[in-house]
Amino acid sequence: HELRLSLAGHAPVKETIKVSPDETEQVLRFRLRALAGNINVQTTPPGATVTLDGQEKGKTPVALTNLAIGQHELIIGLDGFLPVQRTVTVQDQQTATVQEDLAKAEGKIMCVSVPKGAMITLDGQEVGVTPRTIEQVPVGRRTLRLTLDGYEVWEAAVPVVHGETTKVEVALIRAEQAGLRRAR
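None of the values given here were measured: they were computed from a predicted structure.

Undergrad: Please give an account of the overall build of the protein chain that cites residues and values.
TA: Check the secondary structure of the protein chain and you find one helix and 16 strands. A globule of 184 residues ought to have a C-alpha radius of gyration of about 16 Å, yet the protein chain, at 31 Å, is considerably larger. For the protein chain, the C-alpha atoms occupy an extent of roughly 115 × 30 × 20 Å along the three principal directions. Burial status across the protein chain gives 27% buried among its 184 residues. Across the protein chain, contacts joining residues at least 24 apart in sequence account for 46% of those joining residues at least 6 apart. Accessible area for the protein chain stands at about 12,200 Å²; split by element, carbon and sulfur atoms hold 48% of it. Seen as two clouds, the 21 positive and the 22 negative side-chain charges of the protein chain have centres 6 Å apart.

Structure representation (structure tokens):
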């Protein structure tokens, strides 16, 4: 007799068995193999967090093994870089490879002051004088500081959004004017 076993998510089994007329009982054991595959995830630069179907799985490079066949949602994220979201199809006994070159998440800051010529310091680094557009600024809140002899120091946290230019216009206050206001 031919015996066929099937179970959702498992490889089917087909066996030929012999039944003797003098046997009252025959015990058969079968091990069904789950249908599964793998995903290898690599990024440039490495060290990105990999989330599969909503669960964090580690940092790149990472091998995700013994995954159920079908489609899986993969999210790759690294601070300072744009996140990547992909749908990956896993096939039985196959390894899908995902290789991503991560793109930096950056914007610009356009800095203007009155009077012009103030030294611009961004996150503790001098980057030039006003007026100036600072390119390739990592996203997030950045500390911007303007200094000019004879004027009060101006400092603020400036939001930087990917692909956008944040405009900062500052009217610097003369140092002696600041002292007069405090005295009042």
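Next comes the rest of the description.
Undergrad: Tell me about the sheet that holds strand β13 (residues 132-138), and name the residues and values.
TA: Taken together, three strands build an open sheet; the order of strands is β13-β10-β16 and the sheet is mixed. Two strands lie at the open edges of the sheet, namely β13 and β16 (165-171), each paired on one side alone. Averaged over neighbouring strand pairs, the angle between their axes works out to 25° when direction is ignored.

Undergrad: Which residues make up the pattern of salt bridges, and what are the values?
TA: All chains considered together, the criterion is met by seven salt bridges. Of the charged contacts, one joins Lys108 and Glu135 as a salt bridge, the two residues approaching to 3.5 Å between their closest N and O atoms. One end of the pair, Lys108, is in strand β10 (residues 106-114); the other, Glu135, is in strand β13, and 27 residues separate them in sequence. Here Lys108 falls in the partly exposed class, since its relative accessible area comes to 32%. On the basis of relative accessibility, which here comes to 46%, the residue Glu135 falls in the partly exposed class. Arg145 is the partner of Glu155 in a salt bridge, and the nearest nitrogen-oxygen pair spans 2.8 Å. Of this pair, Glu155 sits in strand β15 (residues 154-160) while Arg145 is found in strand β14 (residues 140-147), placing the two residues ten residues apart along the sequence. Residue classification places Glu155 among the partly exposed residues on the basis of a relative accessible area of 46%. Since its relative accessible area comes to 33%, Arg145 is described here as partly exposed.

Undergrad: Explain the environment of Lys167 to me, using residue names and the numbers behind them.
TA: Tracing the backbone through its elements, the reader meets Lys167 in strand β16. Overall, the relative accessible area of 52% leaves Lys167 in the exposed class. Separated by 34 residues in sequence, Lys167 and Thr133 have C-alpha atoms that sit 8.8 Å apart.

Undergrad: Which residues make up the sheet that holds strand β4 (residues 49-52), and what values do they have?
TA: Within the open sheet, the four strands sit side by side as β5-β4-β7-β8. Their pairing is antiparallel. Edge positions in the sheet fall to β5 (55-59) and β8 (84-90), since each has one partner strand and no second. Averaged over neighbouring strand pairs, the angle between their axes works out to 30° when direction is ignored. Across four bridges, the pairing between β4 and strand β7 (residues 70-77) is antiparallel. Opposite Thr51, over in β7, you have Ile75 as the bridge partner.

The rules behind the values
Residues numbered from 1 in each chain as written. Predicted model: local features only at pLDDT ≥ 70, side-chain atom pairs only at ≥ 80, totals over all residues. Heavy atoms only, no water. Helix = DSSP H or I, 4+ residues; strand = E, 2+ residues; numbered from the N terminus. Rg over C-alpha atoms; globule rule 2.2 N^0.38 Å. Buried < 20%, exposed > 50% of the residue type's maximum accessible area, 1.4 Å probe, protein only. Contact = heavy atoms within 4.5 Å. Areas by Shrake-Rupley, 256 points an atom, 1.4 Å probe, with all protein chains shown as cover. Lys, Arg positive; Asp, Glu negative; His and termini not counted. Charge placed at Lys NZ, Arg CZ, Asp CG, Glu CD. Pairing = 2+ DSSP bridges. Axes fitted to C-alpha atoms, helices over the stretch in contact; angles between N-to-C directions. Salt bridge = Lys/Arg side-chain N within 4 Å of Asp/Glu carboxyl O.

Just distances and angles here, no functional claims.
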